[in-house]
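# Commentary on secondary and tertiary structure
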Amino acid sequence: MMILYSGTIDPFSHRCRIVLYEKGMDFEVIDVDLFNKPEDIAVINPYNQVPVMVDRDLVLYESNIINEYIDERFPHPQLMPPDPIMRARARQLLHTFEKELFSYIPELEANQKGIDKTRAHVRDILVQRASIFIKQKFMLGDEFSMLDVAIAPLLWRLEHYGIELPKTAAPLMKYAERIFSRQGFIDALTPSEKVMRR
Ligand SMILES: N[C@@H](CCC(=O)N[C@@H](CS)C(=O)NCC(=O)O)C(=O)O
């Protein structure tokens, strides 16, 4: 059985939990308290971070790499596009999310000096993407995909990180609600994540 070492409030682990619950397969989630991290995480991940997935002899880290493996191993419902060109575009966009948005997670979590500039930057990037949701339900079109999985933990944490979106971003928030209402998303939330949003 697949085992996921997962941070209870970590947005990257959150991504992997969403995929596991969307697939409805057998797995075990081991909760890791990042304030009291067990020593074995450093043994299985040289970067000493979560999430880490163990599937028999295979050990994987990096949320998007773990998620692609789960998607290939359990292809229903498929979360990466089947067509190679669309799949390449999806990977490109996953990379863009990491560079433009998720690279700021440590700053948002630390809530230190200069945080307002970081919040404004993340807000502006999200606002730029809002209008596509007037035309389509999800990031890649009308089907839920790995792109929605990748961005959802940030959308869930906007209030928690002190990021306020303007009214012009209403289509983006409607899109977020569409993700938040999925059973897989609801089941993947830890008790500490549930209370992040009112
Ligand atoms: N790029 C990695 C990022 C993982 C990451 O940054 N994990 C953080 C939690 S947000 C962590 O485990 N940090 C170790 C620590 O806080 O001790 C991924 O996508 O999985």
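For the structure itself, look to the data block above.
These numbers were taken from a predicted model, which means no experiment stands behind them.

All right, on to the pairing of strand β2 (residues 27–32) then. Two elements, strand β1 (residues 2–7) and β2, share 6 bridges in a ladder whose sense is parallel. Bridge assignment links I3 to a residue of β2, and that residue is E28. Following the chain from β1 across helix α1 (residues 11–23) to the adjacent parallel β2, one finds a crossover that is right-handed.

One can describe the packing of helix α4 (residues 84–100) onto helix α8 (residues 146–156) by two numbers: an axis separation of 10 Å at closest approach and a directional angle of 10°. The orientation of α4 relative to α8 falls into the category roughly parallel. Of the residues in α8, those touching α4 at A90, L93, L94 and F97 are M146, L147, A150 and I151. Along the lines of polarity and charge, the residues of the contact of α4 with α8 split into 8 nonpolar, no polar and no charged.

This part is about the site of the ligand. Around the ligand, the surrounding shell consists of D10, F12, L34, K37, N48, Q49, V50, P51, E62 and S63. Contact between the ligand and V50: an oxygen atom at 2.9 Å from a main-chain N or O atom of the residue. Between the ligand and S63, the relevant distance is 2.7 Å, taken from an oxygen atom to a side-chain nitrogen or oxygen of the residue. Expressed as a share of its isolated accessible area of 520 Å², the protein-covered part of the ligand is 76%. In this structure, the ligand is accommodated by the largest pocket.

A few words on the packing of aromatic side chains. The final tally for this structure, using the stated rule, is 9 aromatic pairs. Between F133 and Y175 the ring centres are 3.9 Å apart and the planes differ by 10°, which places this aromatic pair in the stacked class. Of the two residues, F133 is situated in helix α7 (residues 132–135) and Y175 in helix α9 (residues 170–180); the sequence distance between them amounts to 42 residues. Across this residue pair, the class does not change: F133 and Y175 are buried. On the basis of an interplanar angle of 35° and a centroid distance of 5.2 Å, the ring pair of F180 and F185 is categorised as tilted. Take F180 and F185: they sit in the same class, and that class is buried. Among the aromatic residues, ring-to-ring pairing joins F133, F138, F144 and Y175 into one connected group. It is R182 that lies over the ring of F144; its NZ or CZ is 3.8 Å from the centre.

Attention now moves to the layout of surface pockets. Put simply, the largest pocket is a space of about 540 Å³. Lining the largest pocket we find 24 residues, and of these D10, F12, L34, Q49 and V50 sit closest to its centre. The set of elements that each furnish at least two residues to the lining of the largest pocket consists of α1 and α5 (105–110). If one sorts the elements of the lining of the largest pocket by residue count, α5 sits on top with 3 residues.

Cut-offs applied
- Along each chain, numbering runs from 1 in the same order as the chain's sequence is written.
- In keeping with the model being predicted, local features are shown solely for residues with a pLDDT of at least 70 and side-chain atom pairs are shown and tallied solely at 80 or more, while totals for entire chains, interfaces and linings include all residues.
- Calculation of side-chain values draws on the structure's entire complement of heavy atoms; hydrogens and water are dropped beforehand.
- By definition, two strands form a pair when at least two bridges between them are found by DSSP.
- To qualify as a helix, a DSSP run of H or I must reach at least 4 residues; to qualify as a strand, a run of E must reach at least 2; elements of each kind are numbered from the N terminus.
- Clockwise travel from the first strand over the helix to the second, with the strands pointing away from the viewer, marks a crossover as right-handed.
- All axes are obtained by fitting lines to C-alpha atoms, using only the stretch in contact for helices, and the reported angles, taken between N-to-C directions, cover 0 to 180 degrees.
- Our angle categories are set so that under 35 degrees counts as roughly parallel, over 145 as roughly antiparallel, 65 to 115 as roughly perpendicular, and the remainder as oblique.
- When checking whether two residues touch, look at their non-hydrogen atoms; a contact exists if any pair is within 4.5 Å.
- Classes in brief: Ala, Val, Leu, Ile, Met, Phe, Trp, Tyr, Cys and Pro nonpolar; Asp, Glu, Lys and Arg charged; the others, Gly included, polar.
- Nearness here has a simple test: a residue counts as near a molecule or strand if at least one of its heavy atoms is within 4 Å of that partner.
- Pairs of N or O atoms within 3.5 Å make up the polar contacts considered here, provided that, within protein, one atom can donate a hydrogen while the other can accept it, and that residues adjacent in sequence are counted only when both atoms are side-chain atoms.
- Computed with a 1.4 Å probe, the accessible areas rest on the Shrake-Rupley method; for each residue, only the protein chains presented here act as cover.
- Each cavity reported here is a set of points on a 1 Å grid over the protein atoms alone in which a 1.4 Å probe fits but cannot get out, each pocket an open set with protein on both sides within 12 Å along at least five of seven lines, and each lining residue one with an atom within 4 Å of a point.
- To decide whether a molecule occupies a pocket or cavity, check its atoms: if more than half lie within 2 Å of the grid points, it is inside.
- Classification of ring pairs uses Phe, Tyr and Trp, with its six-membered ring standing for Trp, and accepts pairs whose centres are within 6.5 Å; under 30 degrees between planes counts as stacked, over 60 as edge-to-face, and the remaining range as tilted.
- Relative accessibility decides the category of a residue: with a 1.4 Å probe and only protein chains considered, values under 20% of the type maximum give buried, values over 50% give exposed, and everything between is partly exposed.
- By definition here, charges over rings are those cases where NZ of Lys or CZ of Arg is within 6 Å of the ring centre and within 35 degrees of the ring normal.
- Grid points are joined across faces, edges and corners, and a volume is the space filled by probe spheres set on the points.

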